[in-house]
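# Residue-level structural notes
Each chain, written out:
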Amino acid sequence: MPGPEQPGPQRRSGRLRLRGRPRLPLRRSLLGRLLTVSVLVASCSVAATAWLAVQTTSGAIRQEQGQDLSSDAKIYDTLLEYAATHPGWEGVEDTVRELAANSKRRIALTTEDRRLLFDSAGESSAGAPSVPPLPAQASAVVDPLSVDTVLVPEAVPAGADRVDPRAVGPFLLPAAERAELRKSTAEHVECLSAVGIAADVVESPSGRPRVEFVSNDTDRSLELKCLAAESGTTPTEKKALDELDELADACLKRQGRTGVKLNLDLSWDRGHDQAAIPEQNPGTGTGAADKEAELMAAEKMAADKKKAAESAAGPGARVAGAHDSAYDRAIASCVGSARREQLTAYVAAPALLFIEGTGAVSVPGFDLSPANTARIVGVTALVLALTVGASVIAGARLVRPLHALTGAAQRMRDGLDSAPVPVGPDNEIGRLAATFNDMAVHRARLEEQRKVMVSDVAHELRTPLSNIRGWLEAAQDGLADPDPAFVSSLLEEAVQLQHIIDDLRDLGAADAGALRLHPEPVNADELLGQVAAAYQGPAETAGVTLMVSSAEPGGSGPSLYADPVRLRQAVSNLVSNAVRHTPSGGRVTLRSYATGSGDEVALEVADTGAGIPAEDVPHVFDRFWRAEKSRNRSTGGSGLGLAIVLKLAEAQGGTAEVVSTEGQGSLFTLRLPAAPADGPAHEETGETEMDKEGTAGP
């Protein structure tokens, strides 16, 4: 008989044992690589930025600069207003003197050819010898027809053509026309107030009053009702608008385009199918609500024109006269140049502005010489190339195995066989690929087991049911008499069917963790004796010697802590298999002993049967596995007995293992916890339920 410890046993345990690999060193891990790339890119960026800043700052310090106009935009805005409302710089002395006194700075104006107009540092426009020379670079250019809104964002906003809104030129209304328009606008405000809309009268730079709403959340229909009778173009505005039309049409004709008719807000008709595009008119500027009302009216008028034109042209025909975007750009360009040409005689010529003093702030600038420009472009391109190159290399190495994993997972989802994913270096992604391959193999094995199990369950249930049905049909047809033998045969098949169902129920309860146990101290030798007595009859019938061997002759045998009913069921399954597969004249021996550590008790069932082939040993505890592949009834069993043995052992905190040599026999061993020396850990009447890990818990 084999000894209590056999070398190389095949063990199965319900507990999941993870054998983790050692943690990767940082230099080989994915995190380390990403950190390296990030540090490389950051270092290159910082170094390039520092170098570029040093170079440009050094050049800017050596370069003579004007003053930062943004430190006091009021100076620029005040002079810009003077230029927009006066045809020349005559009389600007008082304004410059006042600005210089308030800001404690030196303010000077010169023409574009640097002819001095006025300098607050001297009282004569000719300049005194003691006056310091002006800087080489001006602080700004005061030109009402080209406002520098980037340099001084706080200045009065200019239109799209950068003309100062205060430069109205011939659109400036005389007092009589202003009074008439103010009276009409006041009536509009009274109408709006009567319907509950708050509005004020605001006068534009040209003197034309307009309605400005306090809130934009108003009823547009009521607004249009009160503004329907809005005053039209005055004679002064009509004359100025006609001059502007002539200048714009001349520009368009030079480009081979037809002229347009401008509205007071400098919009024009784009054609039958599109509304007019308004441009902000500094002389007749309107509020946001007025613009919206005008746009609504323009869109309605354009829609009516489009409908009429389409009706006249017929379905599918292109409406003539519609302007495209290129035409609109040409018109806008000509209108802008025409405005500047018209306003040239009404505004002061461009002047250079110089600001100096304790309050001035020097503005470092970039010496955008060809050499410095090439240097900036080269550094930027180098940093960009390094960043993109490092990102592409790191990203490609990172994404390539992930793409392979994604494709394999998608093939598994579609039910296709997935080839193993290539396993790269021993890093996080390499270990992920190896784990994925293991999972794929395990999944394929489980799927195959599932298919086999479904087939086996159907086969095992079909056989007894077919026998029962066949005997019943024979009795119904009068071919068999319902005598005691007949009933006994049906009962045998029903018992076999019930046995399969009970086995499946026990396995299902064990898998679900709902197998209820009643553990208590159990004498191992007594339990083996009970099982041997129960199977003595079948063993004698088969000519097999069934015996219990005590490890300590005359002793009481080891004691273990388990559910006696479930344990007897497990040992009975092992004895039944041993008797069934042992030929006549063979021997089945039951034995119990305490392990060397004393915390476990082993129950052995050894036989001298045919044994199990080495390649089949790992599968003996699989469900529906049978050595007889044909599943002949003569060999008995459904292939669930050993699977139940494993589950019952695991449910009670033990294990099941087998050692077999083909042609010599098999040795099945159950290892269960020994009973505590100071009494049971649970009350004898207590119950335990197998948890989800397959072990018994209180």
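It should be emphasised that the depicted structure is a prediction, and the values quoted were computed from it without experimental measurement. (Residues numbered from 1 in each chain as written. Predicted model: local features only at pLDDT ≥ 70, side-chain atom pairs only at ≥ 80, totals over all residues. Heavy atoms only, no water.)

## A look at the pairing of strand β6 (residues 209–213)
Cut-off, in case you're wondering: Relative accessibility thresholds used throughout: buried, under 20% of the residue-type maximum; exposed, over 50%; partly exposed, between the two (1.4 Å probe, protein chains only). Helix and strand definitions here come from DSSP, where helices need a minimum of 4 consecutive H or I residues and strands a minimum of 2 consecutive E residues; each element is numbered from the N-terminal end. At least two DSSP bridges between two strands are required for those strands to pair.
Here β6 lies mainly inside the structure; four of its five residues are buried. Where strand β5 (residues 199–203) meets β6, five bridges bridge the pair, whose relative direction is antiparallel. Note that in β6 the partner of Val-201 across the bridge is Val-211. Once β5 ends, the chain turns through five residues before running back antiparallel as β6, passing Gly-207 with a positive phi of about 100°.

## Thoughts on the packing of aromatic side chains
What describes a pair of aromatic rings is the distance from one ring centre to the other and the angle between the planes of the rings. Here is the rule we go by: Here is the rule: rings of Phe, Tyr and Trp (six-membered ring for Trp) pair when centre to centre is within 6.5 Å. Planes less than 30 degrees apart are stacked, more than 60 are edge-to-face, and the remainder are tilted. A ring is scored as having a charge over it whenever the NZ atom of a lysine or the CZ atom of an arginine sits within 6 Å of its centre and within 35 degrees of its normal.
With the rule as written, the count across this model stands at two aromatic pairs. Centroid distance Tyr-82 to Trp-89: 6.1 Å. Interplanar angle 15°. Geometry classified as stacked. An identical accessibility class is assigned to Tyr-82 and Trp-89; each is buried. A centroid spacing of 6.3 Å and a plane angle of 85° characterise the contact between Phe-621 and Phe-668, whose relative ring orientation is edge-to-face. Of the two residues, Phe-621 sits in the loop between β13 (600–607) and α15 (641–651) while Phe-668 sits in strand β15 (residues 665–673), which places them 47 residues apart along the sequence. Here Arg-257 stacks its cationic end above the ring of Tyr-327, 5.2 Å away from the centre of that ring.

## Things to note about the pattern of salt bridges
Where we set the bar: Any carboxyl oxygen of Asp or Glu that lies within 4 Å of a side-chain nitrogen of Lys or Arg is treated as forming a salt bridge with it.
Following the criterion strictly, the structure yields 15 salt bridges and no others. Put simply, Glu-203 and Arg-178 hold a salt bridge, and the shortest N to O gap is 3.8 Å. Taken together, the residues span a long stretch of sequence, with Glu-203 in strand β5 and Arg-178 in helix α4 (residues 175–194) at a distance of 25 residues. Among the residues examined, Glu-203 registers a relative accessible area of 41% and is labelled partly exposed. A salt bridge links Lys-261 to Asp-242; the nearest nitrogen and oxygen atoms lie 3.8 Å apart.

## Quick look at a nonpolar patch on the surface
Applicable threshold: To count toward a patch, a residue needs a relative accessible area over 30% and no salt bridge; like charges are then connected within 9 Å, while nonpolar side chains (Val, Leu, Ile, Met, Phe, Trp, Tyr) are connected within 5 Å. Note on areas: Shrake-Rupley with a 1.4 Å probe; residue coverage comes only from the protein chains shown.
The grouping of Leu-384, Val-388 and Val-392 at the surface amounts to a nonpolar patch, some 270 Å² of accessible area in total. Structurally, Val-392 can be placed in helix α9 (residues 370–413).

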